[in-house]
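# Coordinate analysis (summary)
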Amino acid sequence: PCAGPVESKTEAAMSELVPEPRQKPAVPMKPMGINANLLGYIGIDTIIEQMRKKTMKTGFDFNIMVVGQSGLGKSTLVNTLFKSQVSRKSSGWNREEKIPKTVEIKAIGHVIEEGGVKMKLTVIDTPGFGDQINNENCWEPIEKYINEQYEKFLKEEVNIARKKRIPDTRVHCCLYFISPTGHSLRPLDLEFMKHLSKVVNIIPVIAKADTMTLEEKIEFKQRVRKELEVNGIEFYPQKEFDEDLEDKTENDKIRQESMPFAVVGSDKEYQVNGKRVLGRKTPWGIIEVENLTHCEFALLRDFVIRTHLQDLKEVTHNIHYETYRAKRLNDNGGLPPMTTETEENHESNL
């Protein structure tokens, strides 16, 4: 009769020692991906607007060179391209000015503003090119000028106390004007492009395309493309600089269909079907400069300004300037080219 209470006490003590069964730990949830629903709007997309504002303040530099024989309409085309009087002839050119005996380099700078965007445009003209009886090595002053601009930029870049923003006088684009003979390229055309295509972005242009019929124009374009290919001359946009498939597709179309651009330039306006258009008046009608059925000026303008202007600048800096810079530093034993001015600056800084 006494055993009952003792047993119940022992059972109670045992039950206190035995731990209670633990609950299974909850399976942790998979980490959620970072998305707009979780974090809300951050504002990363404002970087583009910040860059736009910064660039708008500093503005842009664009330097375009025009090369070709006299009378091919170089000045007129550049004026038409930017819809401003920016060429050498429109800036106080003397009608009695004689053809120079050697190739001269004349650069004229302008500031063009459109939609709040400022662009410092420099038009580099080359009067005297191809106008002599003996045109041997007449591209040398042009090549020298282009390399001088690279040298000027390099000297500024290697200075110890260099400027925050180095003035960019490098030639970003060279429009080479081909005479509309309808036959083939001249030896001078081939020699110029062969030498200069390694140092600058060359865009071949058939000038005064209204002097040829549509059939002659198509045939001449094909012939020019074939001659350039046979002679191993690369023009902008170069195949090896295409960054991705989209660029390659777009640039292949330009290389195979549009190049060289057959253009007509005019800074005179005429009334056509109640609209004011830029054009050239002929006895049989008005050739509209911006009409694609008449000429390819609109394609050239879109190519140079609206789609490839920034790429022209990048290829100049990353390819042509870098090639010059590497060669210059290599010739100098891997050291920056020291000039008297650089040495003085170095001593004053020390």
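See the structure above.
Residues numbered from 1 in each chain as written. Predicted model: local features only at pLDDT ≥ 70, side-chain atom pairs only at ≥ 80, totals over all residues. Heavy atoms only, no water.

### A few points about a nonpolar patch on the surface
A cluster of nonpolar side chains, namely Ile42, Ile44, Ile47 and Met51, defines an oily patch on the protein surface of about 430 Å² accessible area. By relative accessible area, Met51 is classed as exposed at 52%. (Patch = residues over 30% accessible without salt bridge, like charges linked within 9 Å, V, L, I, M, F, W, Y side chains within 5 Å. Areas by Shrake-Rupley, 256 points an atom, 1.4 Å probe, with all protein chains shown as cover. Salt bridge = Lys/Arg side-chain N within 4 Å of Asp/Glu carboxyl O. Buried < 20%, exposed > 50% of the residue type's maximum accessible area, 1.4 Å probe, protein only.)

### Concerning a positive patch on the surface
Positive charge collects at one region of the surface, where Lys53, Lys54, Lys57 and Lys164 lie side by side. Its location among the elements puts Lys54 in helix α3 (residues 46–58). (Lys, Arg positive; Asp, Glu negative; His and termini not counted. Charge placed at Lys NZ, Arg CZ, Asp CG, Glu CD. Helix = DSSP H or I, 4+ residues; strand = E, 2+ residues; numbered from the N terminus.)

### Remarks on the state of the cysteines
For the structure shown, the criterion picks out zero disulfides. Free of any disulfide, Cys173 has its nearest cysteine sulfur in Cys174, 7.1 Å distant. Accessibility expressed as a relative area gives 1% for Cys174, which makes it buried. (Disulfide = S-S within 2.5 Å.)

### Some details on the pattern of salt bridges
When their charged atoms lie close together, side chains carrying opposite charge are able to pair. On inspection of all chains with the given rule, the structure shows 21 salt bridges. We note a salt bridge from Asp252 to Lys248, for which the minimum N-O separation is 2.9 Å. Of this pair, Asp252 and Lys248 both sit in helix α8 (residues 245–258), four residues apart, which is roughly one turn of the helix. Asp252 sits in the buried class, given a relative accessible area of 15%. The partly exposed category is assigned to Lys248, whose relative accessible area is 41%. Connected through salt bridges with shared partners, the residues Lys83, Glu290, Arg301, Asp302 and Arg306 form a single ionic network.

### Quick notes on the sheet that holds strand β4 (residues 173–178)
Taken in spatial order, the six strands line up as β2-β3-β1-β4-β5-β6 in an open sheet, and their pairing is mixed. Lying at the two open borders of the sheet, with one neighbouring strand each, are β2 (106–114) and β6 (261–262). Direction of pairing for β4 relative to strand β5 (residues 202–206): parallel, over a ladder of five bridges. Residue Ile178 lies in a different strand from β5, and its bridge partner there is Ile206. (Pairing = 2+ DSSP bridges.)

### Focus: the packing of helix α5 (residues 140–158) against helix α6 (residues 187–196)
For any two helices packed against each other, the geometry is given by the interaxial angle and the distance between the axes. The N-to-C vectors of α5 and α6 enclose an angle of 20 degrees; their axes lie 11 Å apart at closest approach. When the interaxial angle is binned, α5 and α6 end up roughly parallel. Where α5 crosses over α6, the handedness of that crossing is right-handed. Of the residues in α6, those touching α5 at Ile142, Glu143 and Ile146 are Phe192, His195 and Leu196. When the residues that make up the contact of α5 with α6 are grouped by side-chain class, the tally is four nonpolar, one polar and one charged. (Axes fitted to C-alpha atoms, helices over the stretch in contact; angles between N-to-C directions. Parallel < 35°, antiparallel > 145°, perpendicular 65-115°, else oblique. Left-handed = near helix turned anticlockwise from the far one by under 90°. Contact = heavy atoms within 4.5 Å. Nonpolar A, V, L, I, M, F, W, Y, C, P; charged D, E, K, R; others polar.)

### Regarding the pairing of β2
Of the pairings in the sheet, the one linking β2 to strand β3 (residues 117–125) comprises nine bridges and is antiparallel in character. By the bridge assignment for β3, Val111 is matched with Lys120. Between β2 and β3, which follow one another and run antiparallel, lie two residues, and Gly115 among them has a positive phi close to 60 degrees.

### Remarks on the sheet that holds strand β8 (residues 275–282)
If you trace the three strands from one edge of the open sheet to the other, you get β7-β8-β9, paired in antiparallel fashion. Each end of this open sheet is capped by a strand with a single partner; those strands are β7 (269–272) and β9 (285–288). Averaged over all pairs of adjacent strands, the angle between strand axes in this sheet comes to 70 degrees, irrespective of strand direction.

### Comments concerning the nonpolar core
In terms of nonpolar packing, the biggest core is built from 74 residues, with Phe62, Phe82, Leu175, Phe192, Ile203 and Leu300 touching the most fellow members. Excluding residues within four positions of it along the chain, Phe82 makes contact with Phe62, Ile64, Ile112, Met119, Leu121 and Ile305. (Core = buried A, V, L, I, M, F, W, Y, C linked by side-chain atoms within 4.5 Å.)

### Topic: the packing of α5 against helix α10 (residues 309–331)
Where α5 contacts α10, the two axes come as close as 10 Å, and the packing angle between them is 80 degrees. Taken together, α5 and α10 sit at an angle that is classed as roughly perpendicular. Only Thr316, His317, His320, Tyr321, Tyr324, Arg325 and Arg328 of α10 make contact with α5, whose side of the interface consists of Asn147, Tyr150, Glu151, Phe153, Leu154 and Glu157. Partitioning the contact of α5 with α10 into residue classes produces five nonpolar, four polar and four charged.

### Description of the environment of His317
Tracing the backbone through its elements, the reader meets His317 in helix α10. The class of His317 is partly exposed, set by a relative accessible area of 27%. For the pair formed by His317 and His172, sequence separation is 145 residues and the distance between their alpha carbons is 8.6 Å. Sequence-distant contacts of His317, defined by excluding residues within four places in its chain, comprise Phe153, Arg170 and Glu322. Reaching out from His317, the side chain makes a polar contact with the side chain of Arg170 at a distance of 2.9 Å. (Polar contact = N/O pair within 3.5 Å; in protein donor to acceptor, adjacent residues only side chain to side chain.)

### Overview of α8
Taking 1.5 Å of rise per residue, 14 residues should cover 20 Å, and α8 covers 19 Å from first to last C-alpha, within 8% of that figure. Taken as a whole, α8 has its buried residues at Asn251, Asp252, Ile254, Arg255 and Ser258. Contacts from the buried residues of α8 go to α7 (214–230), β6 and α9 (297–307). With a side-chain oxygen positioned 3.3 Å from the backbone nitrogen of Glu246, the residue opening α8 is Asp244. (Expected span 1.5 Å × (residues − 1).)

### Describing the packing of aromatic side chains
Inspection of the entire model under this criterion finds eight aromatic pairs. With a centroid separation of 4.8 Å and 20 degrees between ring planes, the pair formed by Tyr176 and Phe192 is classed as stacked. Of this pair, Tyr176 sits in strand β4 while Phe192 sits in helix α6, placing them 16 residues apart in sequence. Of the two residues, Tyr176 and Phe192, both sit in the buried class. Relative to Phe303, the ring of Tyr236 lies with its centre 5.8 Å away and its plane at 45 degrees, an arrangement referred to as tilted. Remark: Phe303 occurs in helix α9 and Tyr236 occurs in the loop between α7 and α8; sequence separation between them is 67 residues. (Phe/Tyr/Trp six-rings, centres within 6.5 Å; stacked < 30°, edge-to-face > 60°.)

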